[in-house]
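Chain by chain, the residues:
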Amino acid sequence: MRICERAMDVERAFAFSRYASRAAGADPLLRNAVAATLDAPFDWTAARTELDAIVAYADAPALAQALRRLRRRVFVHTLVRDLTGLAALDEVVGAMTALADAALCAAVDVHTRLLHETHGVPRSTEGDAQSLIVIGMGKLGGRELNVSSDIDLVFAYPDEGETDGRRVVSNREFFDRLAQRVVAAIGALDADGYVFRVDTRLRPYGESGPLTVSFAALEQYLVTQGRAWERYAWQKARAITGHDHEGLMALVTPFVYRKYLDYDAYEGLRGIHRQIREQAARKGHADDIKLGAGGIREIEFVVQALQIVRGGREADLRVAGTLPALDALAARRLIAPHAATVLRDGYLFLRALEHRLQYRDDRQTQRVPPDAEERALLAEALGLPSAHAFDETLASQRAQIARQFNAVFEVPPASEGDGAGATWNALWEDAEASDENVEHLERAGFAAPRELLDLLAQLRASRRYLHLPARSRDRFDHLVPALIAAAAESTPPQTTRDAVLRRLLALLEAVSGRSAYLALLIEHPPLLPRLATLMGASAWAADYLTRRPFLLDELLDTRALLTEPDWSEWRSELERLLAPHRHDAESAMDALRHFQHAQSFRLLAQDLAGQLRVERLADHLSALADTILAATLDHCWRLLAGDDASPPRFAIIGYGKLGGKELGYASDLDLVFLHASDADPMHAQEAQARYARLAQRINTWLSSATGAGRLYETDLRLRPDGAKGLLVSSIDAFERYQGEHAWTWEHQALTRARFVAGDAAIGAAFEAMRERILRLARDRAKLAADIVAMRDRMAEGHANGTALFDLKHDPGGMVDIEFAVQYLVLAHAHEHPELTRNAGNIALLGMAADAGLLARDVAHDAADAYREYRRLQHQVRLTGATSARVEPAAQAARRARVDARWRSVFGADRRRC
């Protein structure tokens, strides 16, 4: 029964395809062969075995016949499996791509063998054998060939030279002949048909260029002559035959993908698509599901544009196929889930329709026929009930695709469309301090219009502006009026609209030399009010963004920007970003910096939006540093010891703000490096040297300035013996030092230390050692004297010559609270071990009150003061101030209570600061 049912399905499929019916008529065994193997995809193992035998001995005619008959079998088998619902799109395009790959490899092998007999082996000037690299472009490169597709090919070879046979020719001449033979073997039409039509016009210089090119010639062309549309053509390039594929892609990848976010690509692709649409309109291609509006090409354009914009920074987006690339973009949330679904569903439907159009007569067509009967047959082949249902489904799919395309590629509105836009355009064109211009600015809420007009005039006359390329200057001229409008519409909480505009113009001037950033701002008009809000909220944030303009991209997705982070996702994301750079230190360092700056900027946006308390922000910034340190350690060790090396017995200890989880945006990292102890002196010496190199490399990675900036300033002076000591200590040596030689201030620092990255066993040993040291019984009088002396030295180093209250360093400030808490820990932890917890000053004050070491109200007042001081310190720092100083009156009561607490612990006569 099942065989009969299957036969019916097969019969309907053969009836639908006139080509399949003709093929079955020419080959009586074909129909039965297809029916017998229908349960599985085409058997490429058997087919390649047959081809290998032909390649070994066949001449050109025998090869051509074998390839064409193979093509017929693949086509009909795939056609029937598709029409009977057994093959998904990936199987269909995969079968046709596999056919093209197999045919090209066979043709190259046979004709190389035949040419070797006459000319010998082509060799470089150094004597290395050369081979022809057939490069599949377009759908062949992306492994997504349609069933009646032509194939776009480029032919290359690594080096110039000549052959070593009896009839010597240059490598260029040898490979030109070989490429001609390959094209004929695949594309020539004979009694058996053809394998694929071949198009070689995507090669350098097109039809007027040589058929084959050396790597050097290809690189020269791409660098000096490559045009915007060729970046898209080469995006899916895939080497199919030959050797040194890595060398080839090393030339192509920098041409296709820029190192930065490449928003220039939109304009180029918009121009390409405009030309295609105009051509389609002239030729009446409204029914063309590839080139027409809402067609396959528009889906490909959306996906390729997003890839090209971001692929330079994110290597995992460099995926050749349309659907895999769309999935990668969706996984990275670079395209909205609904948009991804629309494009994916539309692509699957249109490709299925495309194949059914081509199954009819094995003709490369993407045009929907006007004939109602033909459309009814298409509807049946697609599982739709009628031609009417087919028409409605097709129209709906194309309309949805067109909307998504237009959302990405629509031309941004010009700023002169309304009255205000025209005003600001005119003002920028003539920035004189005229009464009219002054009045316009005053009416818009600017406080010092003449100063702003002077600033605009200086900007227009500046060397930077005058030396901009024409396209960049046009974009600059477009943006200035838009920025004035954005500043005029802003409502900054703590500054003026004048300051907002000044900061926006400073940013524009800073990015003006990079056309991609100008394109980003123009392509996304909603970005400008977000920028104005950010610039008005914080001078420090404005400066941070101006110095790191690549972060502009983060403002595009407000949902991601304002979503509180998941630390485990951070770790996974960073691991993914670093994976392509395992053996490239420079690229890995840049990837770390981009990640750290992007996540810090997201936290900054959430902070300015009022979503994060200072304590929660510090937790996130500290966790971010932990993530960066762990990744840096792992990467540096792999580069130092090799991919197969065992994990290092090495740990990073955080002190200070990192250790206490109180990091700010610009905090230094206080670090100590430890390694496992080894009883064997020789091994211990080797370990010391090896881990010292590792520590030095980690510090370099963290603190070096690259084109992407700096990760963190580091301070390594808290290690044993300070700057004079060894960069790395064994855990045993570190404990001996802490127990026998450390100063009181070093034990104070230990109260805020914690294991942050590296070997967990060493981390646990450190935490246990830390608790033992902190729980030592101490002479409380001497402890108090040592702490006061250290406090005095700090006060001398941070003298405040103003009438303002320094929240951190002045008496009654944060350092007083921190030192008092450290005294409580060191004086009483031997009796109250809970005080050794690295829980933060506010929590430790509560523990001290629970233990009866402080009155409850005193602990509460100190905790309240510390919390408020941190909030104010953070607020002041966001203004860009270098010191956290405020008017003293509002803090007088808190300051007095903190000062009283200090005196009660340490004595009034011992206070000199």
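Given the structure is predicted, the values throughout are model-derived calculations rather than measurements.

The next thing to look at is the overall build of the chain. Assigned secondary structure in the chain consists of 40 helices and 14 strands. The principal-axis extents of the C-alpha atoms in the chain amount to approximately 110 × 85 × 65 Å. When each of the 913 residues of the chain is scored for burial, the buried share is 54%. The contacts in the chain between residues at least 6 apart in sequence include a share of 74% that link residues at least 24 apart. If you sum the accessible surface of the chain, you get close to 39500 Å²; carbon and sulfur atoms cover 51% of it. Taking the 113 positively charged and 126 negatively charged side chains of the chain as two groups, their mean positions are separated by 1 Å.

All right, on to unusual backbone geometry then. The backbone phi angle of tyrosine 205 is positive, close to 70 degrees, even though this residue is not glycine. The phi dihedral of aspartate 721 falls on the positive side, at around 70 degrees, and the residue is not glycine. Mapped onto the elements, aspartate 721 comes out in the loop between β10 (714-715) and β11 (728-730). For aspartate 721, a relative accessible area of 52% gives the class exposed.

Relative to the 32 Å expected for 22 residues at 1.5 Å per residue, helix α39 (residues 856-877) spans 32 Å between its end C-alpha atoms, a close match to the ideal helical length. If you check which residues of α39 are buried, you get Ala859, Ala862, Ala863, Ala865, Tyr866, Glu868, Tyr869, Arg870, Leu872, Gln873, His874 and Val876.

We now examine the layout of surface pockets. Rolling a probe over the atoms, with the probe sized like a water molecule, indicates the empty space that remains. Here the second largest pocket is characterised by a volume of approximately 1600 Å³. Those elements giving two or more residues to the lining of the second largest pocket turn out to be α30 (614-641), α31 (656-659), α34 (744-750), α36 (780-797), α37 (814-828) and α39.

What follows deals with the environment of glutamate 615. Its place among the elements puts glutamate 615 in helix α30. Glutamate 615 sits 49 residues away from glycine 664 along the chain, and the two C-alpha atoms are 9.9 Å apart. Residues contacting glutamate 615, with those up to four places away along its chain left out, are Ile842, Arg867 and Arg870. Among the polar contacts listed, one links the side chain of glutamate 615 to the side chain of arginine 613, at a separation of 3.2 Å.

Pairs can form between side chains of opposite charge whenever their charged atoms are close. In total, this model carries 58 salt bridges according to the counting rule given. With its nearest N and O atoms 4.0 Å apart, the salt bridge here joins aspartate 477 to arginine 460. Of this pair, aspartate 477 sits in helix α22 (residues 470-489) while arginine 460 sits in helix α20 (residues 449-461); the two residues are 17 residues apart in sequence, bridging distant segments of the chain. Arginine 460 sits in the partly exposed class, given a relative accessible area of 21%. In this structure, glutamate 713 engages arginine 710 in a salt bridge whose closest nitrogen and oxygen atoms are separated by 3.8 Å.

With that settled, the discussion passes to the environment of glycine 880. Considering the arrangement of structural elements, one finds glycine 880 in the loop between α39 and β14 (885-886). Between the C-alpha atom of glycine 880 and that of alanine 542, which follows or precedes it by 338 residues, the distance is 9.2 Å.

With that out of the way, let us pick up the side chain of serine 472. Considering the arrangement of structural elements, one finds serine 472 in helix α22. Those residues in contact with serine 472 that lie beyond four places of it in its chain are Ser512, Ser515 and Leu518.

Close reading of the predicted structure is inappropriate where its pLDDT is low. Across the chain, pLDDT averages 91, with 96% of residues at or above 70. Element-level mean pLDDT values for the chain span from 62 in helix α1 (residues 2-16) up to 98 in strand β2 (residues 133-137). Considering only residues more than four positions removed or in separate chains, one finds that residues 1-8, a stretch of pLDDT under 50, has four contacts.

Reading the values: the criteria
- Residues numbered from 1 in each chain as written.
- Predicted model: local features only at pLDDT ≥ 70, side-chain atom pairs only at ≥ 80, totals over all residues.
- Heavy atoms only, no water.
- Helix = DSSP H or I, 4+ residues; strand = E, 2+ residues; numbered from the N terminus.
- Buried < 20%, exposed > 50% of the residue type's maximum accessible area, 1.4 Å probe, protein only.
- Contact = heavy atoms within 4.5 Å.
- Areas by Shrake-Rupley, 256 points an atom, 1.4 Å probe, with all protein chains shown as cover.
- Lys, Arg positive; Asp, Glu negative; His and termini not counted.
- Charge placed at Lys NZ, Arg CZ, Asp CG, Glu CD.
- Expected span 1.5 Å × (residues − 1).
- 1 Å grid on protein atoms, 1.4 Å probe; cavity = no way out; pocket = protein on both sides within 12 Å on 5 of 7 lines; lining within 4 Å.
- Points joined across faces, edges and corners; volume = space filled by probe spheres on them.
- Polar contact = N/O pair within 3.5 Å; in protein donor to acceptor, adjacent residues only side chain to side chain.
- Salt bridge = Lys/Arg side-chain N within 4 Å of Asp/Glu carboxyl O.
- pLDDT = per-residue confidence, 0-100.

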